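Per-entry structural report
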Amino acid sequence: MSRQGNTTGARVTLHMVSSLDGFIARKDNSVSWLDANGSVYEAGVSISEEEAVTFLKAIDCYVLGSRTYEHALELGWPYGDTATVVVTGRKLTSTRKSVEFYSGNLKTLLNEKLAPRYRNIWLAGGAMLSQRFLELGLVDEIRLTVAPVLLGDGLRLFGGSLTEQRWDLKNVVAYKNGFVELSYCASTV
Ligand SMILES: NC(=O)c1ccc[n+]([C@@H]2O[C@H](COP(=O)([O-])OP(=O)(O)OC[C@H]3O[C@@H](n4cnc5c(N)ncnc54)[C@H](OP(=O)(O)O)[C@@H]3O)[C@@H](O)[C@H]2O)c1
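Description of the structure in this document. (Residues numbered from 1 in each chain as written. Predicted model: local features only at pLDDT ≥ 70, side-chain atom pairs only at ≥ 80, totals over all residues. Heavy atoms only, no water.)

**Points about the overall build of the protein chain**
Check the secondary structure of the protein chain and you find four helices and ten strands. Each helix and strand of the protein chain, placed in order from N terminus to C terminus, yields the pattern β-β-α-β-α-β-β-α-β-α-β-β-β-β. Over its C-alpha trace the protein chain gives a radius of gyration of 17 Å, about what one expects of a compact globule, namely 16 Å for 189 residues. Along the longest, intermediate and shortest principal axes, the C-alpha atoms of the protein chain span 45 × 45 × 35 Å. Counting only residues that meet the buried cut, the protein chain has 43% of its 189 residues in that class. (Helix = DSSP H or I, 4+ residues; strand = E, 2+ residues; numbered from the N terminus. Rg over C-alpha atoms; globule rule 2.2 N^0.38 Å. Buried < 20%, exposed > 50% of the residue type's maximum accessible area, 1.4 Å probe, protein only.)

In structure tokens, the structure reads:
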């Protein structure tokens, strides 16, 4: 199946880090597997702190599933003061000014709440919310960072119920630490 991405003018990028065997989290939620293992891929690139800051500054808004949100709070909030929308059916409260909660239709979320305010929207997981966005055709770009590790078990990147979708490879960046970033855009053919 080919698809067009969302039609709002805003750009939705789905970003996740996966193990080589397709897991995004361990069952016990530990994250040590995300650390570099010390090996060096000589032909790879590395980015400076300055470049990373500039890159992150260009993100207008993050969208998270509630479980990712709760895990991020435990780990130490990685999203700074950037606007963050957490999708949940529960009544959650936050002390962070940048966080708001949303419950309801995801197309309405994008069309009526996000697109009028933000251009560069990052859907940062987890698996469940990302899958819903993909099923609804709301993702323009998939940025998948592959970590050089086999986990053997854990939470799958996407569950089994997605129907076939074709995506076009747009960019590949190999980093010195052995992580590889793959960027795909919604296929137009
Ligand atoms: N490796 C990575 O790059 C990466 C990235 C992100 C997250 N993670 C990890 O992934 C795990 C969490 O992922 P997950 O798949 O379990 O959960 P998730 O997608 O983060 O959150 C699922 C929750 O989001 C809400 N939700 C999802 N779709 C909804 C909809 N259509 N309408 C209303 N609410 C909706 C529900 O919240 P309520 O139950 O509150 O109603 C649902 O229980 C964590 O361990 C996290 O650390 C890894």
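**Notes on the environment of Val63**
With respect to the helices, strands and loops of the structure, Val63 is situated in strand β3 (residues 61-65). A relative accessible area of 1% places Val63 in the buried class. Taking the C-alpha atoms as reference points, Val63 and Pro148, 85 residues apart in sequence, are found 26 Å from one another.

**A word on the sheet that holds strand β6 (residues 120-123)**
What the eight strands build is an open sheet, ordered β5-β4-β3-β6-β1-β7-β10-β9; its pairing is mixed. The open sheet has two free edges, formed respectively by β5 (99-102) and β9 (167-174), since each of these has just one partner strand. The sheet shows a mean angle of 25 degrees between the axes of neighbouring strands, direction not considered. As paired elements, strand β1 (residues 11-18) and β6 share four bridges and run parallel to each other. (Pairing = 2+ DSSP bridges. Axes fitted to C-alpha atoms, helices over the stretch in contact; angles between N-to-C directions.)

**Some remarks on the nonpolar core**
Grouped together as the largest cluster of nonpolar side chains are 33 residues, with contacts concentrated most on Val63, Leu109, Leu114, Ile121, Leu123, Phe133 and Val139. Non-local contacts of Ile121, meaning those with residues more than four positions away in its chain, are made with Ala10, Arg11, Val12, Thr13, Cys61, Val63, Leu110 and Leu114. (Core = buried A, V, L, I, M, F, W, Y, C linked by side-chain atoms within 4.5 Å. Contact = heavy atoms within 4.5 Å.)

**Focus on the site of the ligand**
Surveying the vicinity of the ligand reveals 22 residues, the closest of which are Asn29, Thr68, His71, Thr88 and Arg90. The contact in question runs from an oxygen atom of the ligand to an N or O atom on the side chain of Asn29, over 2.4 Å. Contact with the protein chains covers 82% of the free accessible surface of the ligand, which is 930 Å². Mapped by element, the contributors of at least two residues to the shell around the ligand are β1, β2 (23-25), α2 (66-75) and α4 (127-135). In terms of residue count, α2 provides more of the shell around the ligand than any other element does, four residues in total. Grouping the constituent residues of the shell around the ligand by class yields eleven nonpolar, nine polar and two charged. (Near = heavy atom within 4 Å. Polar contact = N/O pair within 3.5 Å; in protein donor to acceptor, adjacent residues only side chain to side chain. Areas by Shrake-Rupley, 256 points an atom, 1.4 Å probe, with all protein chains shown as cover. Nonpolar A, V, L, I, M, F, W, Y, C, P; charged D, E, K, R; others polar.)

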